[in-house]
Amino acid sequence: MQQENMSSEKMNQQGMMSTPPQVISSKDAFYLSDMMSWNLLSIKKANHFAKECQDQEIAAALQKVAQMHQRHYGQILNYLENGQKASQMPLQ
């Protein structure tokens, strides 16, 4: 019962976690790795097609897409780096 209360406290009204867990499962780690790969591939493709595109409006839109995926990639990487630093900090 107490464990249910603790887990429900971390959940918001939409059923999403309000704070990330301290430890991620191996399944979550694989999913994060996949997300990074998908974003990296999207960055490469959007940049490639932006360079190939003759229409400047479409090229600009593709560059925005690449920038968006770059931000997402950076956010995931930042989360993983901060989580790793937190786990390596000595206990006080």
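Residues numbered from 1 in each chain as written. Predicted model: local features only at pLDDT ≥ 70, side-chain atom pairs only at ≥ 80, totals over all residues. Heavy atoms only, no water.

**Concerning the overall build of the chain**
And then number 1: Scanning the chain from terminus to terminus reveals 3 helices and 0 strands.
And then number 2: Secondary structure elements of the chain, listed N to C terminal, follow the sequence α-α-α.
And then number 3: Relative to its full complement of 92 residues, the chain shows a buried share of 12%.
And then number 4: Long-range contacts, defined here as pairs at least 24 residues apart, represent 54% of the contacts in the chain between residues at least 6 apart.
And then number 5: Within the structure as shown, the chain displays about 8100 Å² of accessible surface, and the carbon and sulfur contribution to it stands at 56%. (Helix = DSSP H or I, 4+ residues; strand = E, 2+ residues; numbered from the N terminus. Buried < 20%, exposed > 50% of the residue type's maximum accessible area, 1.4 Å probe, protein only. Contact = heavy atoms within 4.5 Å. Areas by Shrake-Rupley, 256 points an atom, 1.4 Å probe, with all protein chains shown as cover.)

**Describing the packing of aromatic side chains**
And then number 1: In the structure shown here, the tally under the stated rule is 1 aromatic pair.
And then number 2: Measuring from ring centre to ring centre gives 5.8 Å for tyrosine 31 and tryptophan 38, while their planes differ by 75 degrees; the resulting arrangement is edge-to-face. (Phe/Tyr/Trp six-rings, centres within 6.5 Å; stacked < 30°, edge-to-face > 60°.)

**A word on helix α2 (residues 26-52)**
And then number 1: With 27 residues, α2 should cover 39 Å at 1.5 Å per step; its first-to-last C-alpha distance of 39 Å lies within 8% of that length.
And then number 2: What α2 keeps buried is the set Leu32, Met36, Asn39, Ile43, Ala46 and Ala50. (Expected span 1.5 Å × (residues − 1).)

**Quick look at the confidence of the model for the chain**
And then number 1: Considering every residue of the chain, the mean pLDDT works out to 82; 75% of them sit at 70 or more.
And then number 2: Across residues 1-8, where pLDDT falls below 50, the model places 0 contacts with residues more than four positions away in sequence or in other chains. (pLDDT = per-residue confidence, 0-100.)

**As for the side chain of histidine 69**
And then number 1: For histidine 69, the location among the structural elements is in helix α3 (residues 56-88).
And then number 2: Polar contacts involving the side chain of histidine 69 include one to the side chain of asparagine 39, which spans 2.8 Å.
And then number 3: Dropping the residues within four chain positions of it, histidine 69 is found in contact with Asn39, Ser42 and Ile43. (Polar contact = N/O pair within 3.5 Å; in protein donor to acceptor, adjacent residues only side chain to side chain.)

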